[in-house]
Amino acid sequence: MSNSLFSKEMQDQLKELKGQLSKGRDTNSPEDENQKPTEPVSLPTQKQVNKTVKQMASEHIDDDKVLFMQAMHGVNQLEDKNVRSPANASKAGKPDATTLSKRAAAQGSEASDLGAGLSDMQALLNPVAAEAYLSYKQPTLQNKIFDQLKKGKLRWYDAVDIHGCTIEEARVAMTQLLSQAKQKNETMVKIVHGKGSEAILKTCVNGWLRQLPEVLAFCSAPPKDGGNGAVLVLLKKSKADGE
């Protein structure tokens, strides 16, 4: 290993070791037998030698690290734009109320038919409190399935947030979400209605869903899905499944 890899201090230590070893050999064979022998030289132990070598090796490694860092200076990690983050993927799967309203206007009939018989007045005649727990099921639905719904054990596929919407916008967005789920043959959706001081939208959602025969059951969501500010809705399966 070249001495250029070591610092000046390490090179001096190495020279000192060599000198001590050389003196040790001289004491074993004095040039003049009558000459008074010199005092024995204390040679470095194997442990000391190993320690020195280890220090030298460490310094060599540190030098390599320095060279590597210098070579990598100014290098930035490339961003893979072809990979979509989970947050973006989740956001893409949850259209807002405005998007759903525009989609409903463009698609026309089916979403309009779904909400055609809904009565805002009937919904508003049965107000609910902001913190009220909503719960509804059709008599034909098994209690076991309804319990799973209330415990949040049934996976929902699509969701819409109607915060800040007018009653008209909220109704259109909700019916569009349900129509979209029906087309995809999805049976679980989530509607985030919020609470508000008067819980107007919560009252409307509670009343609208009870008027739709496509809705088998709904209940307020578990805390992880919005709590009393959202509902999980269980829909009938499409007739295309043969049911």
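Computed from a prediction, not measured in an experiment: that's the story for all the values here.

A.B. asks: Go over the overall build of the protein chain, please, and point to the residues and values.
C.D. replies: Helix and strand counts for the protein chain come out as nine helices and five strands. In the protein chain, the order of α-helices and β-strands from amino to carboxyl end is α-α-α-α-α-α-β-α-β-α-β-α-β-β. Of all 243 residues assigned to the protein chain, the portion counted as buried reaches 35%. A sequence separation of at least 24 residues applies to 74% of the contacts in the protein chain between residues at least 6 apart. For the protein chain, the accessible surface area stands at approximately 16200 Å², while carbon and sulfur atoms represent 52% of it.

A.B. asks: Mind laying out the pairing of strand β2 (residues 158-161), listing which residues take part and the relevant values?
C.D. replies: Where β2 meets strand β3 (residues 188-192), four bridges bridge the pair, whose relative direction is parallel. Paired with Asp-158 across the bridge in β3 is Val-189. For the segment spanning β2, helix α8 (residues 167-183) and β3, crossover handedness is right-handed.

A.B. asks: How would you sum up unusual backbone geometry? Please name residues and give values.
C.D. replies: One non-glycine residue, Asn-185, lies in positive phi territory at about 60°. With respect to the helices, strands and loops of the structure, Asn-185 is situated in the loop between α8 and β3. The class of Asn-185 is partly exposed, set by a relative accessible area of 30%.

A.B. asks: Now, about the sheet that holds strand β4 (residues 215-220): what can you tell me, with residues and values included?
C.D. replies: Each strand in a sheet pairs with its neighbour through backbone hydrogen bonds, running either in the same direction (parallel) or in the opposite one (antiparallel). If you trace the five strands from one edge of the open sheet to the other, you get β1-β4-β5-β3-β2, paired in mixed fashion. Of all the strands in the sheet, just β1 (135-137) and β2 have a single pairing partner and so form its edges. Taken over all neighbouring pairs, the strand axes of this sheet differ in orientation by 20° on average, direction set aside. Contacting β2, β3 and β5 (230-235), α8 crosses the sheet at an angle of about 165° to β3. Against the sheet, helix α9 (residues 200-211) touches β1, β3, β4 and β5, its axis set at about 160° to β4.

A.B. asks: Which residues make up the environment of Pro-222, and what values go with them?
C.D. replies: Counting through the fold element by element, Pro-222 comes out in the loop between β4 and β5. Apart from the residues within four sequence positions on either side, Pro-222 is in contact with Gly-152, Gly-227 and Leu-232.

A.B. asks: Quick rundown of the environment of Asn-228? Include the residues and the values.
C.D. replies: Mapped onto the fold, Asn-228 is located in the loop between β4 and β5. Each C-alpha atom, one on Asn-228 and one on Lys-195, is 7.5 Å from the other, the two residues being 33 residues apart in sequence. Looking at Asn-228, its side chain comes within polar contact range of the main-chain oxygen of Glu-131, at 2.9 Å.

A.B. asks: How would you sum up the pairing of β4? Please name residues and give values.
C.D. replies: Here β4 lies mainly inside the structure; six of its six residues are buried. Sheet topology places β1 next to β4; three bridges connect them, and they run antiparallel. From the neighbouring strand, Ser-135 faces β4, where its bridge partner is Cys-219. Taken together, the five bridges between β4 and β5 define a ladder with antiparallel strand orientation.

Conventions used here
- Residues numbered from 1 in each chain as written.
- Predicted model: local features only at pLDDT ≥ 70, side-chain atom pairs only at ≥ 80, totals over all residues.
- Heavy atoms only, no water.
- Helix = DSSP H or I, 4+ residues; strand = E, 2+ residues; numbered from the N terminus.
- Buried < 20%, exposed > 50% of the residue type's maximum accessible area, 1.4 Å probe, protein only.
- Contact = heavy atoms within 4.5 Å.
- Areas by Shrake-Rupley, 256 points an atom, 1.4 Å probe, with all protein chains shown as cover.
- Pairing = 2+ DSSP bridges.
- Right-handed = clockwise from strand over helix to strand, strands pointing away.
- Axes fitted to C-alpha atoms, helices over the stretch in contact; angles between N-to-C directions.
- Polar contact = N/O pair within 3.5 Å; in protein donor to acceptor, adjacent residues only side chain to side chain.

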